Amino acid sequence: MIEAVGLTKRYGAKTAVHNLSFQVRPGTVTGFLGPNGSGKSTTMRMILGLDTPTSGHATIAGRPFRRLSNAPRQVGALIDAKAVHGGRSARNHLLSLAQLSGIPAGRVDEVLGVVGLQGVANRRSKGFSLGMGQRLGIAAALLGDPQVLLFDEPVNGLDPEGILWVRNLMKQLAAEGRTVFVSSHLMSEMALTAEHLIVIGRGQLLSDMPVKDFISANSADFARVRTPDTEPEQREKLTAAIGEAGGQVTPEADGALKVTGLPLPRISDLAHDADVRLWELSPHQASLEEAYMRLTQGAVDYRSTADQRAGLQQQMPAGYAPGQGQPHQPYAYAPQAPAAPGPGYPPPAQAPGHPYGAPEHYGAPHPYGQPPQPAAPMPPGAQPAAPAAMPMPQNEEAR
Ligand SMILES: Nc1ncnc2c1ncn2[C@@H]1O[C@H](COP(=O)(O)OP(=O)(O)OP(=O)(O)O)[C@@H](O)[C@H]1O
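Owing to the predicted nature of the structure, the values given are computational and were not obtained by experimental measurement.

Our focus in this paragraph is the overall build of the protein chain. Along the backbone of the protein chain there are 12 helices and 13 strands. Taking all 399 residues of the protein chain together, the buried fraction comes to 44%. Look at the contacts in the protein chain between residues 6 or more apart in sequence, and 73% of them connect residues 24 or more apart.

Bringing the nonpolar core into the picture now. Core analysis: the biggest nonpolar cluster contains 80 residues, and Ile47, Leu94, Val111, Leu112, Leu117, Ala139 and Leu143 have the highest contact counts within it. Contacts of Ile47, omitting those with residues within four sequence positions, involve Ile2, Ala4, Ala58, Ile60, Phe65 and Leu150.

To continue, consider the pairing of strand E5 (residues 75–78). Side-chain alternation along E5 places Val75 and Ala77 on one buried face and Gly76 and Leu78 on a second face that is also buried. Sheet topology places E5 next to strand E6 (residues 148–152); 4 bridges connect them, and they run parallel. Each bridged residue has a counterpart across the sheet, and for Val75 the counterpart in E6 is Val148.

If you walk across this open sheet you meet the 6 strands as E5-E6-E7-E3-E8-E9, and the pairing is mixed. With one partner strand each, in any of the chains shown, E5 and strand E9 (204–210) form the two edges of the open sheet. Between one strand axis and the next, the sheet turns through 15° on average, direction left out of account. Pairing of strand E8 (residues 196–201) with E9 involves 6 bridges; the strand directions are antiparallel. Its bridge partner lying in E9, Leu197 is registered against Met209. Sheet strands touched by helix H1 (residues 40–47): strand E3 (29–33), E6, strand E7 (179–184) and E8. Its angle to E6, the strand with the most contacts, is close to 150°.

Turning next to helix H6 (residues 160–175). Taking 1.5 Å per residue, 16 residues should reach 22 Å; H6 reaches 22 Å between its end C-alpha atoms and fits that length. Taken across its 16 residues, H6 has 12 buried, putting it largely inside the fold. Elements that come into contact with the buried residues of H6 comprise E3, helix H5 (130–142), E6, E7 and helix H7 (187–193).

What counts and what doesn't
- Residues numbered from 1 in each chain as written.
- Predicted model: local features only at pLDDT ≥ 70, side-chain atom pairs only at ≥ 80, totals over all residues.
- Helix = DSSP H or I, 4+ residues; strand = E, 2+ residues; numbered from the N terminus.
- Buried ≥ 20, exposed ≤ 12 C-beta atoms within 10 Å, placed from the backbone.
- Contact = placed C-beta atoms within 7 Å.
- Core = buried A, V, L, I, M, F, W, Y, C linked by C-beta atoms within 7 Å.
- Pairing = 2+ DSSP bridges.
- Axes fitted to C-alpha atoms, helices over the stretch in contact; angles between N-to-C directions.
- Expected span 1.5 Å × (residues − 1).

As structure tokens, then:
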């Protein structure tokens, strides 16, 4: 388990992370979400002992990272995929990490197979594409067969097949009982990958809950109501009746009405009392992406002047306090079955032929036959070292 307690990081006058407390539990993928610059990488770096907290602390399996014995065997991380000696081949890069950490050399070919890089293992990594670099970084993170894994934006630069592969890999690792903490600023991707979400904005905790609870706590429920298109006076009558009853009505482009603030049965009764016929009365819920944007809208540092979130802000229901991050349920009726969180849901099945579903276009799949056994024994005499794929601690202010 990963735990942060009151984690705070200030860079001069800039507070990158403020009083963050959360736990990341084994057996599920936990998504770490926040807009650009919200403090995700800084938090991960503090968990990994690469940045020193100004106050508070973070532990892995109950200890600060730097006090873990055999850290590379316990924790794997992808923080900066570019932190690779470009003159070395992928295999040699991994071999040098394995040697530093007392990991048997045979494991290198295993992880190259897992990430689908076995066909280019002897090529210098400086010729790698962004996506291949990400795969190499993921291979390094898996090298020590660790129980705790942190991935900072692992799908950066990957093509759709690569994204699917990472998604399945994360799930597989969690299904093996590992702790998997994955940062992203893409809600749609996290909706398909994670079961639990930790959302931050401007370095502060906005939400810490299961994905399904996040949807119902943060997305706005509304009803779509349609009266006969041929009788506009019916529409006006219903609009007036809903307004008098305290509901809010917004006309939709297709002629329907979007109603908030009233439960569906009440809308039906109002229509009945006003002698208005309904062609449609249906419950709706905003997508997870919208829910995320609503939650973080007050905590976005960088926003285009043409950003459609401005439109979302205009639609905020009365009583919503932007940026406070409080779950709100301003609508009277209970959420319906959660909306499918984004296109492509449910996630496609894992690709066959490989336990982690590694794609084949960098070479034949590696017969990495069995899922890694939890807590593989350390070879005698192995020394603790920095985790694979992690950049060495640098001058923090110089980043
Ligand atoms: N070494 C540093 N010195 C000064 N400020 C820093 C340093 N590292 C991060 N920051 C600032 O702290 C804030 C949080 O940055 P961080 O990289 O942790 O955010 P992030 O959520 O990972 O962003 P992104 O999604 O864009 O990668 C930003 O405002 C950033 O400019």
